Amino acid sequence: MYRRVQAAQQKWGGALTAIDHWLTERQQLIISYCKLAGLPPFDDKQRAKPSQEAVQEFCQLLMDYLSAGHFEVYEQIVSECAVNGTDSRQLANRLYPKIAVSTDLALEFNDKYAEHFSTRQSGAFDLELSDLGQALEGRFELEDELIHTLHHKHSDQQTTA
């Protein structure tokens, strides 16, 4: 996941400020996820359950990332679709419902753990965190497809303008 966001930043960085900020938020989210999940390079041989503060920090980054996507980047994509024709709109219409599935999973995770993480929930936590990680990875692929289209259309318009 982390390498993918670095590649995305290199490929699309500087094209649109909203995308730059969003990819930076994605990078922070992935780092927080890896710390929470105990993944390299943040793995801990004596893995203890994460603190409430660590879970809250991750959930806040998650909600910030989802919000930026929905209220900044996706809005820009929709407006670009209006300018760039039906191909872009059809892609967005095809991908948004798939992205929404991971949004629902992320919101459920946040509602369950952001304020109330306890050792009683810790048995399900690792499994649900893993499921969320897989959903986020799929989401990032879909979002990258949208970003690619937006960047490609935006670059074409600047070339023809």
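Everything that follows concerns the structure shown earlier in this document.
Since we're looking at a predicted model, the values are computed, not measured.

Cut-offs and rules
Residues numbered from 1 in each chain as written. Predicted model: local features only at pLDDT ≥ 70, side-chain atom pairs only at ≥ 80, totals over all residues. Heavy atoms only, no water. Helix = DSSP H or I, 4+ residues; strand = E, 2+ residues; numbered from the N terminus. Buried < 20%, exposed > 50% of the residue type's maximum accessible area, 1.4 Å probe, protein only. Contact = heavy atoms within 4.5 Å. Areas by Shrake-Rupley, 256 points an atom, 1.4 Å probe, with all protein chains shown as cover. Salt bridge = Lys/Arg side-chain N within 4 Å of Asp/Glu carboxyl O. Phe/Tyr/Trp six-rings, centres within 6.5 Å; stacked < 30°, edge-to-face > 60°. Lys NZ or Arg CZ within 6 Å of the ring centre and 35° of its normal.

S.K.: What should I look at first to understand the overall build of the protein chain in this one?
M.R.: Scanning the protein chain from terminus to terminus reveals five helices and zero strands. The N-to-C order of helical and strand elements in the protein chain reads α-α-α-α-α. The buried share of the protein chain, taken over its 161 residues, is 42%. Counting contacts in the protein chain only where the partners sit at least 6 residues apart, residues at least 24 apart contribute 76% of the total. Element-wise, carbon and sulfur atoms account for 51% of the exposed surface of the protein chain, whose accessible area totals about 8800 Å².

S.K.: Sorry, what's going on with the pattern of salt bridges here?
M.R.: Should their charged atoms come close, side chains of opposite charge can pair. In the structure shown here, the tally under the stated rule is five salt bridges. A salt bridge links R139 to E143, with the nearest nitrogen and oxygen atoms 2.7 Å apart. Residue R139 and its partner E143 are both found in helix α5 (residues 122-160); the two are separated by four residues, about one turn of the helix. Overall, R139 belongs to the buried group, its relative accessible area being 1%. E143 sits in the buried class, given a relative accessible area of 0%.

S.K.: Looking at this model, I keep getting lost on the packing of aromatic side chains. Mind explaining?
M.R.: Inspection of the entire model under this criterion finds seven aromatic pairs. Summarising the aromatic geometry, the rings of F109 and F125 are spaced 5.7 Å apart at their centres and angled 40 degrees between planes, so their arrangement reads as tilted. Here F125 lies in helix α5 and F109 lies in helix α4 (residues 86-113), a separation of 16 residues in the sequence. Side by side, F109 and F125 carry an identical accessibility label, which is buried. A ring pair is formed by Y113 and F125, whose centres lie 5.0 Å apart and whose planes are at 85 degrees; its orientation type is edge-to-face. Taken together, the residues span a long stretch of sequence, with Y113 in helix α4 and F125 in helix α5 at a distance of twelve residues. Over the aromatic face of W22 sits the side chain of R26, whose NZ or CZ is 5.9 Å from the ring centroid.

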